[in-house]
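Summary of the model geometry
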Amino acid sequence: MHTGVNYRAEYADTVYAAVEYDRLAVMGWLGLWALSVLLGASLCLAEGWRSMDTANKAENASERLQLRQSGGAEEKAKKFHLGADSTRAGCRKRFCGRGRQCVVSNETGQTDCVCQNRCRPTFVPVCGSDGRFYENHCEVYRTSCLQKKRIYVVHSKDCFFKGDTCTMADYNKLKSMLLDMQPRDLSPARQTQETRMDQKRAVVDTMFKYLDMDRDGRLGSEELAQISMKDHLEDSLLECTMQDLLRYDDYNNDGRLTLQEFYTAFQVVQLSLPEEKRVSVTTVTVGLSTVLSCAIQGTLRPPIIWKRNGIVLNFLDLEDINDFGDDGSLYITKVTTIHMGNYSCHAYGYEELFQTHVLQVNVPPVILVYPETQAQEPGVSASLHCYADGIPNPKILWLKNGMDLQLKGSKQLSLIANGSELHIGSVRYEDTGAYTCIAKNEVGVDEDISSLFVEDSARKTLANILWREEGLSVGNLFYVFSDEGITILQPNECEIRRHIKRTERVAASYEEMCPKVEGDSTHTCVWASAASVRDKYIYVTQPLQNRLLVIDTQAQKVAQVVETDPVPVKLHYDKSHDQMWVLSWGDLHKSQPTLQVISQASAGEEHHTIRTQFQRVEDFFIPPTNLIITHVRFGFIFLKSEPAVHKIDLETFHRIKTISLKNYSCVPASMAYTHLSGYYFIECLGGNLTAAPAQVIIDSVTDSVIGRNGDVAGKPYMSPDGRYVVTPDPQRRRVSVQTVTFRGELQLSRHLDAGLHVSDLAFQPSFTESNQYAVVAASSSRTDLLFSDLSTGRSEVLKNLKEPVPSQSWPWSDANRVVVSSGLFGQYLVTPSAESLFVLNGKQNSPHCEVSDIKRGNTVVWVGEV
């Protein structure tokens, strides 16, 4: 056998000729594959008893393992080894010598020495005294026994070519000459690897048929000798003859070459993929592991390459995709929703033949009920809400005191929005009880209770006393920050609960809430950004005072002043780490921007800012949390005029990596994120006024740019459940709506003809369909407001909401007219004009009321129970 020698040259040429991948990265990894081929991978590819022996041993080992693990393993193991023990007992005193083995006759029970029928398939190449190449010592002595002549191992590094002038280099020249002698079709200069291999296979097929003179499908020594004489091949200047084909590539030593051995000799790669396996769908529950197996098979199959969104995974150091099995399988150790989407596999160098794997990730339901407790007087209506998120969409049902609700024929009870709201038309005393919302889907169930008390003078009941003591009575309020101070607004009755004037003193301090700025003729409050911290506190920036205020929502007072770097303009609360992130400009020209963090933001203690290491920060982005995604590990920052985003660890504040956007000429302006498939959408700054560059998408699994988002341009907004991407295009005055499916596919749903330049956008949960949303968009220059249902595309425009805050008097962001919703269960929204505030009824898509004398109230925060 001369297999190892043959592969040393053949696969070296194959690997050296590989293209289309980065040579330094690919060759380092493929070197392991090439080495395995050189040292005997061909033995596994060749047909014959060796592969059968390996399979039998693996099967026996698996059976023994199962016997040990099952009940009564010891007894079964004894039965399993009984035959082997009997043989050893009879042959214990019988020595047969090398190449032979002792057997016991089943009929007579007598022992006898026979030639070994197989050797272990190890590859330790040696040379026999007969001049032949053997894969190990055992094969030498087994052949000696079978041929009944003395053959021994020759220990010399030159033994492989002793007495023969045909070296491996000469043998390769012979094969090249044979290939060149065969007729072949002329083809275009540019061919794929697959078409080149198809052509080579056809040439080798033709050559084999020509050499196979007796048409028995095997080439013998006589046939090869006749061809040499017929075609005068022995007259060539090569040192090798046709007989050397048998010497090097007759893998089973039967003195014949099969077509399969002929393919191997000439390195014909044969790959196949059944039509029914070209697309494979795998569904796995979040948190579990999964294995994706590539169905591409064939002789001499190169290593399997896996891709996600066109990015090769094999050479990346990924946290959850870190093991590629010996069989080319892809292992994901802990599946999350970001892993959903399409994966593809192909053999290295053969991209035209690939298998697509669609990974769908199921998530058990997670629910939230509202209110947890409520008290009503008889005769009024009551609603109990239940929001359920999961994949697939959960189905909702209600129980009362553990029993099914009798809804059929009831005029009292009704289910709205696929059961997400239980409405009681006119409550009675017997409606008092614990109402359990149950959400189910294919992979799980979740439930929670909403309690209803029906009593006379409900405001005096124990339920309402608890309501107030728990602080829930201070919820469901809008905090509006305007020139005159802070207005706390209850939207249902359009009631101003409290007005904190600009001259009011900060708690434990004699300082005014809005001290007069030197050189400013008007004594007004100036706000830029605000954020709610678990509905306990509100942080709000005062950019001209170089500080922020902490407002206690329970006491409805300013509790603390926190000094910051000059001109703080943006806040974001990271709920995962209880941190408030602060972006400061340094001055009004943004010449020295910095990024600071306040730790333990929800704790009732004195707070201080921590300056991070990042300088020249233009903006930052931290993905939001929701019912399914409750923890976020990483954020991103943009530096001034730099075409890149920098990934940072939110816990340590350290930079993890830089993702370049230079190839897309994209300087990032804003970002949005969906946990479904893990896409980041990046708005790119435009260099001209006619068209902004299209968004760029980053895959969070690989931290790689996967391309542009079609022709979608503008600032992306993500719905709270991650299923809708809404992008107002500032140039084309339209709004693009894209959906992210449960298979991680991004699809363009529609373009909404908004006809306005969008200043800000908010999502309003649907009141008729569960797990659906409407968008509400405000104009930056007109009095219009757009309502649009995302599921149907039905839109309407509200007009005459008065002029927004002028852009020149709102330098802190592009959103000179904000829209703020009242949370997951609220039906109200607010949007300011220059001189007043409008409360909108999202359920009816109409104005609810106008609150006057609120100037530049463009900083708004909702404080709710959930």
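Presented here is an overview of the structure given in this document. (Residues numbered from 1 in each chain as written. Predicted model: local features only at pLDDT ≥ 70, side-chain atom pairs only at ≥ 80, totals over all residues. Heavy atoms only, no water.)

1. As for the overall build of the protein chain
Assigned secondary structure in the protein chain consists of 12 helices and 55 strands. Taken across its 866 residues, the protein chain has 50% of its residues classed as buried. The contacts in the protein chain between residues at least 6 apart in sequence include a share of 53% that link residues at least 24 apart. (Helix = DSSP H or I, 4+ residues; strand = E, 2+ residues; numbered from the N terminus. Buried < 20%, exposed > 50% of the residue type's maximum accessible area, 1.4 Å probe, protein only. Contact = heavy atoms within 4.5 Å.)

2. Quick word on the state of the cysteines
Here the structure, examined in full by the defined rule, presents nine disulfides. C96 shares a disulfide with C113; S-S distance 1.9 Å. What sets the handedness of the C96 and C113 disulfide is the S-S torsion sign, and at about -75° it is left-handed. With C96 in the loop between α5 (82-91) and β1 (100-104) and C113 in strand β2 (residues 111-115), this pair connects stretches of sequence that are 17 residues apart. (Disulfide = S-S within 2.5 Å.)

3. Here we look at the environment of A265
Of note, A265 is situated in helix α11 (residues 259-265). For A265 and L245, which are 20 residues apart along the polypeptide, the C-alpha to C-alpha distance reads 7.9 Å.

4. A closer look at the sheet that holds strand β31 (residues 568-574)
Across the sheet, four strands lie side by side as β31-β32-β33-β34; this open sheet has antiparallel pairing. In this open sheet, the two strands that pair with only one neighbour each are β31 and β34 (610-615). The mean inter-strand angle of the sheet, taken between neighbouring strand axes irrespective of direction, is 25°. Pairing of β31 with strand β32 (residues 579-584), which is carried by six bridges, proceeds in the antiparallel orientation. (Pairing = 2+ DSSP bridges. Axes fitted to C-alpha atoms, helices over the stretch in contact; angles between N-to-C directions.)

5. With respect to the pattern of salt bridges
Counted according to the given criterion, the structure contains 26 salt bridges. Among the salt bridges present, the one from R497 reaches E495, with a minimum N-O distance of 3.5 Å. By relative accessible area, which is 38% here, R497 ends up partly exposed. E495 gets classed as partly exposed once you look at its relative accessible area, which sits at 35%. Where K647 meets D703, a salt bridge forms, and the shortest distance between an N and an O atom there is 2.8 Å. Here K647 is found in strand β37 (residues 644-649), whereas its partner D703 is found in the loop between β41 (696-699) and β42 (704-708), with 56 residues between them in sequence. Among the residues examined, D703 registers a relative accessible area of 11% and is labelled buried. One connected set of salt bridges, linked through shared partners, spans D711, D729, R732 and R734. (Salt bridge = Lys/Arg side-chain N within 4 Å of Asp/Glu carboxyl O.)

6. Observations regarding unusual backbone geometry
Cis geometry is adopted by the peptide bond preceding P371, which originates at Y370 and carries an omega value of -10°. Mapping P371 onto the fold places it in the loop between β15 (350-370) and β16 (373-376). Following I391, the chain continues to P392 via a peptide bond in cis, the omega torsion being -5°. For P392, the position within the fold is in the loop between β17 (382-391) and β18 (395-400).

7. Some details on empty space enclosed by the protein
Overall, the coordinates contain two cavities of 30 Å³ or more when judged by the stated rule. What the largest cavity holds in volume is close to 50 Å³. Lining the largest cavity are F481, D483, C525, V526, W527, W810, W812, R856 and T859. For the second largest cavity, the calculated volume is near 40 Å³. Lining the second largest cavity are L583, W585, K590, P593, V617, E618 and K640. Of the residues in the lining of the second largest cavity, the class split is four nonpolar, no polar and three charged. (1 Å grid on protein atoms, 1.4 Å probe; cavity = no way out; pocket = protein on both sides within 12 Å on 5 of 7 lines; lining within 4 Å. Points joined across faces, edges and corners; volume = space filled by probe spheres on them. Nonpolar A, V, L, I, M, F, W, Y, C, P; charged D, E, K, R; others polar.)

8. A word on the pairing of strand β49 (residues 785-789)
The buried fraction of β49 amounts to five of the five residues, a majority that puts the element mostly inside the structure. Burial along β49 is two-sided: the face carrying L785, F787 and D789 and the face carrying L786 and S788 are both buried. Pairing geometry for strand β48 (residues 773-779) and β49, over five bridges, is antiparallel. Across the sheet, residue A778 finds its bridge partner in β49, namely L785. Hairpin remark: β48 followed by β49, antiparallel, with five residues in the connecting loop. Bridge count for β49 against strand β50 (residues 795-798) is four bridges, and the pairing is antiparallel. Within β50, the residue paired with L786 across the bridge is V797. Counted between consecutive antiparallel strands, the loop separating β49 from β50 contains five residues, among which G793 sits at a positive phi close to 80°.

9. Some words on the sheet that holds strand β47 (residues 758-765)
In spatial order, the strands read β47-β48-β49-β50; together these four strands make up an open sheet with antiparallel pairing. Each of the sheet's edge strands pairs with one partner strand only, and the pair in question is β47 and β50. Adjacent strand axes in the sheet meet at a mean angle of 20°, parallel and antiparallel pairs treated alike.

10. Some remarks on the environment of T674
With respect to the helices, strands and loops of the structure, T674 is situated in strand β39 (residues 668-674). What makes T674 buried here is its relative accessible area of 0%. Sequence separation between T674 and Y717 is 43 residues, and the spatial gap between their C-alpha atoms is 10.0 Å. Those residues in contact with T674 that sit more than four places away from it in its chain are Y679, F681, M718, G722 and V740. Reaching out from T674, the side chain makes a polar contact with the backbone nitrogen of L676 at a distance of 3.1 Å. (Polar contact = N/O pair within 3.5 Å; in protein donor to acceptor, adjacent residues only side chain to side chain.)

11. Brief notes about the nonpolar core
Residues F262, F266, W306, Y343 and V645 are the most contacted members of the largest nonpolar core, which totals 78 residues. When sequence neighbours within four positions are dropped, the list of residues in contact with Y343 reads L292, W306, K307, R308, L313, I321, L330, I332, Q355, T356, H357 and L359. By size, the runner-up hydrophobic cluster in this structure holds 22 residues, among which are V569, L650, F653 and W812. (Core = buried A, V, L, I, M, F, W, Y, C linked by side-chain atoms within 4.5 Å.)

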